[in-house]
Amino acid sequence: MLKVSASDRQLTTHLVAPSKDSKPPENLTSNEPNHLQILKKCTHLIQFKQVHAHIIKTPLHQADTHLSKLIQALAGSAHLPYARLVLDQITEPSTFAFNTMIKGYGTNNLGDKGIDLYIQMRYQGLNPDNFTYPYLLKACNGLKQGKGIHSLVVKNERFSSGIYFLTSLITFYCSFGDVESARLVFDRMPEKNVVTWTGIIKGYVMQKRYKEGIELFYQMKNSGVEINELTLVCVLSACANLGALEIGKWVHEYTDRKKIFLNPKLGAALIDMYAKCGHIDKASQVFQTLPCKGVYVWNAMIGGLAMHGFGIEAIDRFMGMQGYGIKPDGITLIAVLSACSHSGLVVKGKEIFHSMRKDYEIEPTIKHYGCFVDLLCRAGLLNEAYEIIINMPMEPNGVLWGTLLNACTATANIELAEAAMEQLMVLEPFNDGNYVLISNIYAAKNRWDDVARIRKVLKDKQIVRNPGHSLIEVDNIVHEFMAGDGRHPCSEEIYDMLEKIAITLKE
DNA sequence: ATAGGGTTAG
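Rules and cut-offs
- Residues numbered from 1 in each chain as written.
- Chains lettered and ligands numbered in written order.
- Predicted model: local features only at pLDDT ≥ 70, side-chain atom pairs only at ≥ 80, totals over all residues.
- Heavy atoms only, no water.
- Near = heavy atom within 4 Å.
- Polar contact = N/O pair within 3.5 Å; in protein donor to acceptor, adjacent residues only side chain to side chain.
- Nonpolar A, V, L, I, M, F, W, Y, C, P; charged D, E, K, R; others polar.
- Phe/Tyr/Trp six-rings, centres within 6.5 Å; stacked < 30°, edge-to-face > 60°.
- Helix = DSSP H or I, 4+ residues; strand = E, 2+ residues; numbered from the N terminus.
- Buried < 20%, exposed > 50% of the residue type's maximum accessible area, 1.4 Å probe, protein only.
- Expected span 1.5 Å × (residues − 1).
- Contact = heavy atoms within 4.5 Å.
- 1 Å grid on protein atoms, 1.4 Å probe; cavity = no way out; pocket = protein on both sides within 12 Å on 5 of 7 lines; lining within 4 Å.
- Points joined across faces, edges and corners; volume = space filled by probe spheres on them.
- Axes fitted to C-alpha atoms, helices over the stretch in contact; angles between N-to-C directions.
- Parallel < 35°, antiparallel > 145°, perpendicular 65-115°, else oblique.
- Left-handed = near helix turned anticlockwise from the far one by under 90°.
- pLDDT = per-residue confidence, 0-100.
- Core = buried A, V, L, I, M, F, W, Y, C linked by side-chain atoms within 4.5 Å.
- Salt bridge = Lys/Arg side-chain N within 4 Å of Asp/Glu carboxyl O.
- Disulfide = S-S within 2.5 Å.

Identification of chain A as Pentatricopeptide repeat-containing protein At5g66520-like from Herrania umbratica is taken from an unreviewed UniProt entry.

Engineer: I keep staring at the protein's contact with DNA strand B and nothing clicks. Help me out?
Structural biologist: Asn 130, Lys 202, Lys 276, Tyr 296 and Ile 331 are the nearest of the 46 residues found near DNA strand B. Within the side chain of Thr 198, an N or O atom sits 3.5 Å from a base nitrogen of DNA strand B. Arg 378 places a polar side-chain atom, nitrogen or oxygen, 3.1 Å from a phosphate oxygen of DNA strand B. Considering only residue class, the surface near DNA strand B consists of 16 nonpolar, 19 polar and 11 charged.

Engineer: Mind showing me how you'd approach the packing of aromatic side chains here?
Structural biologist: Aromatic ring pairs are defined here through the distance separating the ring centres and the angle between the ring planes. Enumeration over the complete set of coordinates arrives at 15 aromatic pairs. Taken together, a centroid distance of 6.2 Å and an interplanar angle of 40 degrees make the contact between Tyr 133 and Phe 159 tilted. One end of the pair, Tyr 133, is in helix 9 (residues 132-139); the other, Phe 159, is in the loop between helix 10 (143-156) and helix 11 (163-175), and 26 residues separate them in sequence. Residue Tyr 133 is classed as buried on the basis of its relative accessible area of 1%. Between Phe 353 and Phe 372 the ring centres are 4.1 Å apart and the planes differ by 5 degrees, which places this aromatic pair in the stacked class.

Engineer: Would you explain helix 25 (residues 398-411) in this entry?
Structural biologist: Helical periodicity: at 3.6 residues per turn, an α-helix aligns residues three or four positions apart in one direction. With 14 residues, helix 25 should cover 20 Å at 1.5 Å per step; its first-to-last C-alpha distance of 21 Å lies within 8% of that length. Against helix 23 (366-378), helix 24 (382-391), helix 26 (414-427) and helix 27 (432-444) lie the buried residues of helix 25. For helix 25, the side-chain oxygen to backbone nitrogen distance between the N-cap and Val 399 is 3.1 Å, and the N-cap itself is Asn 397.

Engineer: Mind showing me how you'd approach the layout of surface pockets here?
Structural biologist: To find the voids left in a structure, one rolls a probe of water-molecule size over its atoms. Taken as a whole, the largest pocket encloses approximately 1,000 Å³ of empty space. Lining the largest pocket are 27 residues, and of these Asp 272, Lys 276, Asn 299, Ala 300 and Ile 331 sit closest to its centre. Going through the elements one at a time, helix 15 (229-242), helix 17 (264-276), helix 19 (295-307) and helix 21 (330-343) are the ones with two or more residues in the lining of the largest pocket. In terms of residue count, the dominant contributor to the lining of the largest pocket is helix 19 (7 residues). Size it by volume and the second largest pocket reaches roughly 890 Å³. Taken together, 30 residues form the lining of the second largest pocket, with Tyr 164, Thr 167, Ser 168, Thr 171 and Val 195 sitting closest to its centre. Looking at the lining of the second largest pocket, the elements that each hand over two or more residues are helix 9, helix 11, helix 13 (194-206) and helix 15. Looking at the lining of the second largest pocket, the element that brings in the most residues is helix 11, giving 9 residues. Taken together, the residues of the lining of the second largest pocket break down into 17 nonpolar, 10 polar and 3 charged.

Engineer: Help me out: how do you make sense of the packing of helix 15 against helix 17 in this one?
Structural biologist: The geometry of a pair of packed helices is captured by two quantities: the angle between their axes and the separation between those axes. One can describe the packing of helix 15 onto helix 17 by two numbers: an axis separation of 9 Å at closest approach and a directional angle of 15 degrees. The angle between helix 15 and helix 17 falls in the class roughly parallel. Crossing hand, helix 15 versus helix 17: left-handed. Mapping the contact onto sequence places Glu 229, Leu 232, Val 233, Leu 236, Cys 239 and Ala 240 in helix 15 and Lys 265, Leu 266, Ala 269, Leu 270, Asp 272, Met 273 and Lys 276 in helix 17.

Engineer: What's the story with the confidence of the model for chain A in this structure? I'm lost.
Structural biologist: Should pLDDT be low for a region, the predicted coordinates there are not to be read in detail. When pLDDT is averaged along chain A, the result is 88, and 90% of the positions lie at 70 or above. Long-range and interchain partners of residues 1-31, a stretch whose pLDDT sits below 50, account for 35 contacts in this model, where long-range means more than four residues apart.

Engineer: Explain unusual backbone geometry to me, please; I cannot follow it from the model alone.
Structural biologist: A positive phi angle, close to 65 degrees, is found at Ala 78, a residue other than glycine. Judged by its relative accessible area of 42%, Ala 78 falls in the partly exposed class. Even without a glycine there, the phi angle at Glu 361 is positive, about 55 degrees. When you line up the elements, Glu 361 lands in the loop between helix 22 (346-360) and helix 23. On the basis of relative accessibility, which here comes to 63%, the residue Glu 361 falls in the exposed class.

Engineer: Is there a simple way to think about helix 26 in this case?
Structural biologist: Helix length check: helix 26, at 14 residues, gives a terminal C-alpha distance of 19 Å against a target of 20 Å (1.5 Å per residue), a fit within 8%. Along helix 26, the residues classified as buried are Ile 414, Leu 416, Ala 417, Ala 419, Ala 420, Met 421 and Leu 424. Packing partners of the buried residues in helix 26 comprise helix 24, helix 25 and helix 27.

Engineer: Just checking my understanding: could you explain the nonpolar core for this structure?
Structural biologist: A general tendency of soluble globular proteins is for nonpolar side chains to be buried together. Ile 271, Met 273 and Leu 405 are the most contacted members of the largest nonpolar core, which has 149 residues in total. In contact with Leu 405, not counting residues within four places along its chain, are Ala 417, Ala 420, Met 421, Leu 424, Asn 434, Leu 437, Ile 438 and Ile 441.

Engineer: Just to check I follow, could you spell out the pattern of salt bridges for this structure?
Structural biologist: A pair can form between side chains of opposite charge whenever their charged atoms are brought close. Overall, the coordinates contain 18 salt bridges when judged by the stated rule. The partner of Asp 88 in a salt bridge is Arg 84, and the shortest N-O contact between them spans 3.3 Å. With Asp 88 and Arg 84 both in helix 6 (residues 80-89) and 4 residues apart, this pair spans about one turn of that helix. Asp 450 is the salt-bridge partner of Arg 447, the closest N and O atoms lying 2.7 Å from each other.

Engineer: What exactly am I supposed to notice about the state of the cysteines here?
Structural biologist: A covalent bond bridging the sulfur atoms of two cysteines is what the word disulfide describes. All told, the structure shown has 0 disulfides when counted by the stated rule. Left unpaired, Cys 371 is separated from the closest cysteine sulfur, that of Cys 340, by 9.6 Å. Look at Cys 371 and you get buried, because its relative accessible area is 11%. With no disulfide of its own, Cys 377 has Cys 408 as its nearest cysteine by sulfur position, at a separation of 7.2 Å.

Engineer: I'm lost on the environment of Ser 68 in this one. Help?
Structural biologist: Along the chain, Ser 68 falls in helix 5 (residues 60-76). Under the relative-accessibility criterion, Ser 68 is labelled buried at 5%. Spatially, the C-alpha atom of Ser 68 lies 8.3 Å from that of Val 86, the residues being 18 residues apart in sequence. Other than its neighbours up to four places away in sequence, Ser 68 contacts Ile 90, Ser 94, Phe 96 and Ala 97.

Structure representation (structure tokens):
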């Protein structure tokens, strides 16, 4: 149902029926009505229609420009069919009108319609301008389409060297995971700005190619281009995932030195970096000093506490944020549930999971189910976890079954392990870890023919076992370790220490 | 009217 607020109503009455004795609003009576001003306030279709009615009463030579602006406003408010209607009625639509319409389609997941419209525009003999292609790239929903536009522009158009076009091309390639193509574009650009650099760095970080991302950041710094908050967020994310504490610290100092404002997103990235690099105390300290703590900041803090096993503290912050009037979102709940899971807070975790919808108006997603299943599994409640998985409102994915399979190793629960493995063979047929787990469970029960059977499956599917490895940075040097690895110069000391830790843990 | 962001279960 259409809900019209008081201010909307006021607007509508002005437009519909200015009463005879009251003074009508100036902008509608003058010869040059400022529809743009009014359009900014419109939200509901009916209001747009009122403006439309007014525009078509104005002289024709003005009408087209105003109609273009109407299309822009309509498309910007996702009223696409009506926007299209207006576009189709314009006698001589401008490139601008088509551009905004294409943009509207692109940002509302109707890219195909945007591309169709581009084709129509060219058939009508209308030339694109330098705004057209960035919008068109946004309308692409696959690599092939974008490559088509890339080659089209390179071959035929004179917009092939604009920084906006090339930067949106980089973003486009990165968003579809093709960093290599993005890099080719990037390397050819004679001039790059902060958006260009940040775009390519983000592309590498999204592909988990953190080292290359940081390498590019160094190059960016040398090139003398401006570095801003968004750049640093990407770099910090790379640091967090690499455990590159020293670089992360450098970024922190840099924000200090350059007086870069720690906005909530940058603050969250800093907290996350410190937490993932093992310095939860430092993360907490950053949290305290942040001038504005949005939901992102609380999420990063709660998530950090969760991964360090500080479940009670995480729940404290969870209550704390609500005390400050910050509404938890879906991510908050994931962080809180994982805190319960990592700290064995089973009762609390169950309570929170079951109250999500009621207390926080958050519909549980598969990730929430994932945390909850993890919680039950870690608590040894395997059957309960299994029941949840098979009764979930959505299709369970490999993570869910993998969690259960992993939990089955502790007690060598063959029945549930086989049920999980059956699903995983379909969902993740090439995940070597799953085969190793099930094989270990069979081995624990001395079922050697089953072990051999799994080994044969591995061989038949030509699955390469990918040994797990970890990275840690000490004094600016990144050290890499694999299971059973003896290559490190301090290998002997490391294994000694591991043994000591194992003994302490057993105690 | 053009290009860009963080946290997320095994």
